[in-house]
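# Chains, contacts and geometry: an overview
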Amino acid sequence: VEGVVQNVAEIKGRTYVIFGQDWRKDFTFVVSEKVAKDFQERGIKLPELKGKLVRVRGWLKDYKGPSIAIDYPEQVELLFNKASDKVSTQLMPPK
């Protein structure tokens, strides 16, 4: 799934990265507290993904809207720094 991150919310130890205005209908990827620490160890702050174009890979589930649970940072690919930037594809840096 590719899209521009519209919002990032941290609730009860999970981070919800939302691609649309209505989380009940729009795509969201969910990051557990443990996996969020893996992102941080790589220098990636999930709230800073807001406004950026990303690609997410994984099994799509329908739980309060379409979502993918992230098990590894490699499932998330930063395509552009901002949605309007013209920068080549950049994978999440390795651990």
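So, here is what we can say about the structure in this document. Predicted, not measured: the structure shown is a model, and the values here were computed from it.

Turning next to the overall build of the chain. Of the regular secondary structure elements, the chain holds one helix and nine strands. For the chain, the sequential pattern of α-helices and β-strands runs β-β-β-β-α-β-β-β-β-β. Pairs at least 24 residues apart make up 52% of the contacts formed inside the chain by residues separated by at least 6 positions. Per element, the accessible surface of the chain, about 6400 Å² overall, is 51% carbon and sulfur.

Okay, the sheet that holds strand E7 (residues 66-70) next. Read from one edge of the open sheet, five strands run E2-E3-E4-E7-E6, paired in mixed fashion. Every other strand in the sheet has two partners, leaving strand E2 (7-11) and strand E6 (61-62) as the edge strands with one partner each. One ladder, built from four bridges, connects strand E4 (residues 28-31) with E7; its direction is parallel. Its bridge partner being in E7, Val31 is matched across the sheet by Ile70. On top of the sheet, helix H1 (residues 33-41) reaches E4 and E7; it is set at about 90° to E4, its chief contact.

Scanning the entire structure with this criterion turns up five salt bridges. In this structure, Arg24 and Asp22 form a salt bridge, with 3.1 Å as the shortest nitrogen-oxygen distance. Ionic pairing is found between Glu74 and Arg42, a salt bridge with its closest N-O pair at 2.8 Å. With Glu74 in the loop between E7 and strand E8 (76-80) and Arg42 in the loop between H1 and strand E5 (53-56), the pair connects residues that are 32 residues apart, well separated along the chain. Taking relative accessible area as the criterion, Glu74 reaches 48% and is therefore assigned partly exposed.

Here we come to the packing of aromatic side chains. Counting across every chain of the model gives two aromatic pairs. Aromatic side chains Phe19 and Phe27 sit 4.9 Å apart centroid to centroid with 75° between the ring planes, which places their arrangement in the edge-to-face category. The residues Phe19 and Phe27 share a single accessibility class, namely buried. Summarising the aromatic geometry, the rings of Phe19 and Phe29 are spaced 6.2 Å apart at their centres and angled 85° between planes, so their arrangement reads as edge-to-face. Of the two residues, Phe19 is situated in the loop between strand E3 (14-18) and E4 and Phe29 in strand E4; the sequence distance between them amounts to ten residues. Relative accessible area serves as the criterion here: at 0%, Phe29 is assigned to the buried category. Pairwise contacts between aromatic rings join Phe19, Phe27 and Phe29 into one cluster.

Conventions we followed
- Residues numbered from 1 in each chain as written.
- Predicted model: local features only at pLDDT ≥ 70, side-chain atom pairs only at ≥ 80, totals over all residues.
- Heavy atoms only, no water.
- Helix = DSSP H or I, 4+ residues; strand = E, 2+ residues; numbered from the N terminus.
- Contact = heavy atoms within 4.5 Å.
- Areas by Shrake-Rupley, 256 points an atom, 1.4 Å probe, with all protein chains shown as cover.
- Pairing = 2+ DSSP bridges.
- Axes fitted to C-alpha atoms, helices over the stretch in contact; angles between N-to-C directions.
- Salt bridge = Lys/Arg side-chain N within 4 Å of Asp/Glu carboxyl O.
- Buried < 20%, exposed > 50% of the residue type's maximum accessible area, 1.4 Å probe, protein only.
- Phe/Tyr/Trp six-rings, centres within 6.5 Å; stacked < 30°, edge-to-face > 60°.

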